[in-house]
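Inside the fold
So you can see what is in the structure, the chains are spelled out below.
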Amino acid sequence: MKKTAIEMKDVRKTYGKDVVAINDLSLTIEEGTIYALLGPNGSGKTTTIRILTSLAAADAGDIFLFDKKLNTHNMKKWIGCVAQQSGVDPMGTGRENLMLQGRIHGLKGKELKKRVEELLERFHLQKDANRLSMKYSGGMKRKLDLAMGLIHHPKLLFLDEPTTGLDPEAREDLWKTIRQLQSEEGLTVVLTTHYMEEADELSDRVAFMNEGKIVVEGTAEELKNKLGGDTLTIQCTDNAQAERAKEILRALYHVTSDERTLYVHSEQGAEELPKIFKVLESEQTEVRSAAVSRPALGDVYLIYTGKALSEETKQ
Ligand SMILES: Nc1ncnc2c1ncn2[C@@H]1O[C@H](COP(=O)(O)OP(=O)(O)OP(=O)(O)O)[C@@H](O)[C@H]1O
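Residues numbered from 1 in each chain as written. Predicted model: local features only at pLDDT ≥ 70, side-chain atom pairs only at ≥ 80, totals over all residues. Heavy atoms only, no water.

An unreviewed UniProt entry lists the protein chain under the name ABC transporter ATP-binding protein, from Salicibibacter cibarius.

Below, the structure written as structure tokens:
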């Protein structure tokens with residue numbers, strides 16, 4: 001049986017008097033899993049990671065890492081963290097950044113040099129190791145960030161939006177490396193992302209957060225199957241028409257919108273389309289086009305959080 005890497009029981013965190021960032025959150029993550037935390041802006045993903053990495057203290061609840069109660073001092077060596085904001089010093093070379101990070105973690109001498117060279121090789125950065133990192137591409141900087149997070153051989157790696165701003169090729173490349181780290185070194189990875197494709201492709205399990213709680217959890221397949229039905233994507237002629245159509249259809253279906261596009265979740269899929277067209281026509285609401293698809297992870301997101309994904313990624 002696999003060991004538990006993270007266990008959170010009824011964890012709560014408030015900022016000031018009014019902001020409940022984490023609301024009695026419970027969560028279990030097995031060792032060696034790639035786990036994605038998803039949810040709208042402000043749903044509590046970063047706060048969860050900050051608590052697990054001891055950057056913020058929970059107000060209540062129990063937290064265990066590898067079956068031991070969370071203890072800031074003893075657990076630092078187990079944890080690697082790559083934050084949303086890059087930790088790379090642009091005025092240092094790739095190698096210098098890694099050396100410095102290693103020293104911060106207490107590595108020195110031959111051991112430090114060996115580890116730095118190992119990571120430069122793993123992330124294909126040897127050729128550019130002596131260039132100033134300010135000259136690196138976005139993908140290279142992200143790899144360097146990841147390498148820095150791994151310098152001390154952590155068992156658990158937190159990645160906060162690891163591929164935001166990267167092009168598709170650099171993203172795929174980073175996914176490949178993360179999978180290798182999991183399969184070759186048994187690393188447990190917890191990541192947050194706004195890209196559903198990333199969660200679907202990369203993670204073994206997915207949890208959707210909303211208002212500081214986990215609203216649904218499972219493998220991406222389980223969550224999509226659970227939803228069942230179909231998603232109807234309806235393009236209206238303009239934003240005002242879409243708003244009107246949303247109001248009308250809301251009485252009959254689960255609907256979200258993004259500008260002139262409506263997303264309607266329906267058990268019957270294509271069979272519902274003529275009915276929808278008829279209802280909208282009778283209310284003088286014009287439709288430009290419609291398409292039917294099987295639910296994707298983005299549909300799970302909108303059903304459980306009430307928000308269309310593109311509303312979030314635009315922010
Ligand atoms: N330092 C802070 N002081 C006050 N409120 C905070 C602080 N950090 C987070 N919050 C609030 O806590 C809630 C959860 O924020 P958090 O950053 O954890 O969400 P998130 O899901 O990571 O969002 P995003 O996707 O935008 O990064 C939000 O309401 C946020 O405004």
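So, next bit.
**A few points about a positive patch on the surface**
The grouping of Lys-3, Lys-68, Lys-77 and Lys-155 at the surface amounts to a positive patch. Among the structural elements, Lys-68 can be located in strand 5 (residues 68-69). (Patch = residues over 30% accessible without salt bridge, like charges linked within 9 Å, V, L, I, M, F, W, Y side chains within 5 Å. Areas by Shrake-Rupley, 256 points an atom, 1.4 Å probe, with all protein chains shown as cover. Salt bridge = Lys/Arg side-chain N within 4 Å of Asp/Glu carboxyl O. Lys, Arg positive; Asp, Glu negative; His and termini not counted. Charge placed at Lys NZ, Arg CZ, Asp CG, Glu CD. Helix = DSSP H or I, 4+ residues; strand = E, 2+ residues; numbered from the N terminus.)

**Details of the packing of aromatic side chains**
Following the criterion strictly, the structure yields one aromatic pair and no others. Here the aromatic rings of Phe-66 and Trp-78 are separated by 5.4 Å at their centres, their planes lie at 85°, and the arrangement is edge-to-face. With a gap of twelve residues between them, Phe-66 in the loop between strand 4 (60-65) and strand 5 and Trp-78 in the loop between helix 2 (72-75) and strand 6 (79-82) connect regions that are remote in the sequence. Each member of the pair, Phe-66 together with Trp-78, is buried. We note Lys-155 situated over the ring of Phe-66; from NZ or CZ to the ring centre the distance is 4.0 Å. It is Arg-171 that lies over the ring of Tyr-195; its NZ or CZ is 3.8 Å from the centre. (Phe/Tyr/Trp six-rings, centres within 6.5 Å; stacked < 30°, edge-to-face > 60°. Buried < 20%, exposed > 50% of the residue type's maximum accessible area, 1.4 Å probe, protein only. Lys NZ or Arg CZ within 6 Å of the ring centre and 35° of its normal.)

**A look at the pattern of salt bridges**
Here the structure, examined in full by the defined rule, presents 17 salt bridges. Among the ionic pairs, Asp-62 bridges to Lys-69, the shortest N-O distance being 3.0 Å. What makes Asp-62 partly exposed here is its relative accessible area of 32%. Its salt-bridge partner being Glu-201, residue Arg-179 comes within 3.9 Å of it at the nearest N-O pair. With Arg-179 in helix 6 (residues 168-185) and Glu-201 in helix 7 (residues 196-202), this residue pair connects regions lying 22 residues apart in the sequence. Taken together, the shared-partner salt bridges connect Lys-114, Arg-115 and Glu-118 into one network.

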